[in-house]
Structures are given as structure tokens and as C-alpha cells.
Amino acid sequence: GPKVLQIPSHQIIDMGQMVTLNCDPVSNHLYFYWYKQILGQQMEFLVNFYNGKVMEKSKLFKDQFSVERPDGSYFTLKIQPTALEDSAVYFCASSLGGARNTLYFGAGTRLSVL
Amino acid sequence: QQQVRQSSQSLTVWEGETAILNCSYENSAFDYFPWYQQFPGEGPALLIAIRSVSDKKEDGRFTIFFNKREKNLSLHIKDSQPGDSATYFCAASGSSGSWQLIFGSGTQLTVMP
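What you see is a predicted model; the values in this text were computed from it and never measured. (Residues numbered from 1 in each chain as written. Chains lettered and ligands numbered in written order. Predicted model: local features only at pLDDT ≥ 70, side-chain atom pairs only at ≥ 80, totals over all residues. Heavy atoms only, no water.)

A.B. asks: Whenever I open this one, the overall build of chain B confuses me. Can you help?
C.D. replies: A tally of helices and strands in chain B yields zero helices and eleven strands. Listed N to C, the secondary structure of chain B is β-β-β-β-β-β-β-β-β-β-β in terms of helices and strands. Over its C-alpha trace chain B gives a radius of gyration of 14 Å, about what one expects of a compact globule, namely 13 Å for 113 residues. The C-alpha extent of chain B, read off along each of the three principal axes, is 45 × 30 × 20 Å. Each of the 113 residues in chain B was classed as buried or not, and the buried ones make up 47%. Residue pairs at least 24 apart in sequence account for 54% of intrachain contacts in chain B once pairs closer than 6 positions are excluded. (Helix = DSSP H or I, 4+ residues; strand = E, 2+ residues; numbered from the N terminus. Rg over C-alpha atoms; globule rule 2.2 N^0.38 Å. Buried < 20%, exposed > 50% of the residue type's maximum accessible area, 1.4 Å probe, protein only. Contact = heavy atoms within 4.5 Å.)

A.B. asks: Could you clarify how one ought to interpret the interface of chain A and chain B in this entry?
C.D. replies: Where interface size is given, it is often the accessible area lost as the parts come together that is meant. Each partner contributes residues to the interface: chain A has 21 residues there, and chain B has 22 residues. Carbon and sulfur atoms supply 51% of the area that chain A and chain B bury against each other, a total of about 1900 Å² over both sides. Across the contact surface, chain A and chain B share one salt bridge. A salt bridge links B:Asp31 to A:Arg100, with the shortest nitrogen-to-oxygen separation between them at 2.8 Å. Along the contact surface separating chain A from chain B lie eight residue pairs in polar contact (both at pLDDT 80 or more). Looking at the side of chain A that touches chain B, the elements that each hand over two or more residues are β4 (31-37), β5 (43-50) and β6 (53-57) of chain A. (Buried area = accessible area lost by both parts, 1.4 Å probe. Salt bridge = Lys/Arg side-chain N within 4 Å of Asp/Glu carboxyl O. Polar contact = N/O pair within 3.5 Å; in protein donor to acceptor, adjacent residues only side chain to side chain.)

A.B. asks: Help me understand the sheet that holds strand β8 (residues 72-77) of chain B, please; the structure alone is not making it clear to me.
C.D. replies: Strand pairing in a sheet is mediated by backbone hydrogen bonds. Such pairs are either parallel or antiparallel. Sheet architecture is open: five strands sit in the order β1-β3-β8-β7-β6 (chain B), paired in antiparallel fashion. In this open sheet, the two strands that pair with only one neighbour each are β1 (4-5) and β6 (56-59) of chain B. (Pairing = 2+ DSSP bridges.)

A.B. asks: Would you mind going over the pattern of salt bridges with me for this structure?
C.D. replies: Side chains that differ in charge, positive against negative, can pair when their charged atoms come close. All names here are of chain A. Under the criterion given, the structure shown has six salt bridges over all chains. The shortest N-O distance in the salt bridge between Asp86 and Lys62 comes to 2.9 Å. You can see Asp86 sitting in the loop between β8 (75-79) and β9 (88-95) and its partner Lys62 sitting in the loop between β6 and β7 (65-68), a full 24 residues away along the chain. Classification of Asp86 as buried rests on a relative accessible area of 1%. Lys62 gets classed as partly exposed once you look at its relative accessible area, which sits at 23%.

A.B. asks: I'm lost on the pairing of strand β4 (residues 32-38) of chain B in this one. Help?
C.D. replies: Residue and element names in this part refer to chain B. In terms of residue burial, β4 counts as a mostly covered element, since seven of its seven residues are buried. Because side chains alternate across β4, one face comprises the buried residues Tyr32, Pro34, Tyr36 and Gln38, and the other comprises Phe33, Trp35 and Gln37, equally buried. Judged from the six bridges that link them, β4 and strand β5 (residues 45-51) form a sheet pairing that is antiparallel. Note that in β5 the partner of Trp35 across the bridge is Ile48. The loop that links β4 with its antiparallel partner β5 comprises six residues; one of these, Gly41, has a positive phi angle of about 80°.

Note that every value here comes from positions in space, so none of it alone points to a role or purpose.
Shown next as C-alpha cells:
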């Protein structure tokens with residue numbers, strides 16, 4: 001099936017540093033999402049993105065977070081500066097239509113903030 | 001306040017039994033309910049989904065039963081196999097003006113051989 005690739009699979013950084021998580025979505029998809037998962041538990045919605053714009057974001061999407069997809073390349077999540085509570089697995093997803101369509105998820109990037 | 005609730009954090013069944021995973025939701029405007037399956041180290045993958053105009057959706061061994069009046073649904077896995085051992089997330093979307101797919105907290109299913 002369609003594949004979403006996330007790079008890197010694991011990132012370790014010091015608190016206060018900047019980190020960029022990269023996502024290569026399914027090629028013809030138009031909607032992009034980031035979710036946060038802690039300890040294999042609930043998938044927490046962070047943000048969705050369509051047509052170059054953030055459509056909706058949750059309270060977890062702090063001011064230190066930003067997303068972009070420059071020139072149709074990687075869909076990125078940047079955290080600057082990072083905090084200890086940002087440690088989690090971050091999943092990228094994409095879909096052809098909106099949230100009533102199938103979301104295809106990547107394998108996640110495990111972020112460890114020390 | 002959780003908009004999508006899965007009451008059981010974990011469930012263990014024997015191989016061959018029917019596993020029943022329950023889910024309830026708050027928002028009457030939700031009209032699309034997918035179930036996602038997640039194996040350790042992987043992202044969730046769509047297993048089966050139902051729209052609120054239906055009360056049942058079947059796909060092989062997997063069936064969703066949906067009760068709009070009670071605002072709950074369940075996923076039945078017939079003839080459970082050890083390979084079905086995974087975490088199952090109920091999700092919902094369709095709330096007016098919202099683009100979110102909201103997940104429940106997940107039920108970890110273990111199928112014992």
C-alpha cells in the first residue's frame with residue numbers, strides 16, 4: 001500500500017535545542033497531519049495542513065512548534081526550543097481527502113529530549 | 001474531556017474466540033468512525049471504518065456494530081489469531097468545522113495460542 005516515510009526513526013537532542021522531524025508523504029496526497037504518542041498510548045492530534053496552510057491545531061501544538069511543506073517536498077515539524085515534555089513518538093500521516101478519508105501513517109520518529 | 005473513549009486498556013482472548021472491543025463518543029456530529037490497528041514499532045493502519053448512516057460494517061473476520069442513539073460502537077474480531085495481537089484505536093471525525101481525526105486511548109489486544 002501507499003507508504004509514508006519518516007526520517008529519522010530516532011532523534012536524541014538536548015533540551016533547548018531545535019529539532020526538525022521530516023516526513024515524506026504519499027505522493028498524490030493533499031492533507032498532512034502530525035500526531036504525538038507517548039508510551040504507546042493515545043494518539044494525540046497536533047496539527048493538520050492543506051494547501052500550504054495550517055487548517056487546525058490542538059492545544060498541544062505550542063508556539064514553539066511549526067510546520068511547513070516547502071515546494072511540495074518533505075512535510076516538516078520543527079520544535080524550537082525543545083522541552084523535556086516534548087519527548088514522544090511523533091507520527092506523520094497523509095490523506096487524499098480530509099479526515100473522513102484513510103490516513104496513512106509513517107512508522108514514527110522517536111524524539112528523546114535530555 | 002475525552003471525545004472518544006475506549007473503556008478497556010487491555011483485553012486478552014484465546015485463539016479462535018471472538019474479541020470484542022468497545023468505544024463510545026461524545027459529539028453527535030461525528031459521522032465517520034475508523035478503527036486503526038497498530039503493531040509495536042509501526043504507525044497505525046486503517047483496519048475497517050463505518051459511517052453513521054450504517055449500523056454494521058463487515059470485512060472478513062472484522063465487524064463494526066454501531067449504535068447512533070447510544071453513541072457507541074464495537075469492533076468484533078471473529079476467530080482471533082495470535083497475529084491479531086496489537087493495539088486497536090477507535091477514532092472519529094466529521095464534527096462540523098473540524099478537520100481532525102480524533103483517536104481513543106487504544107485497547108491492547110493479546111490473543112493467546
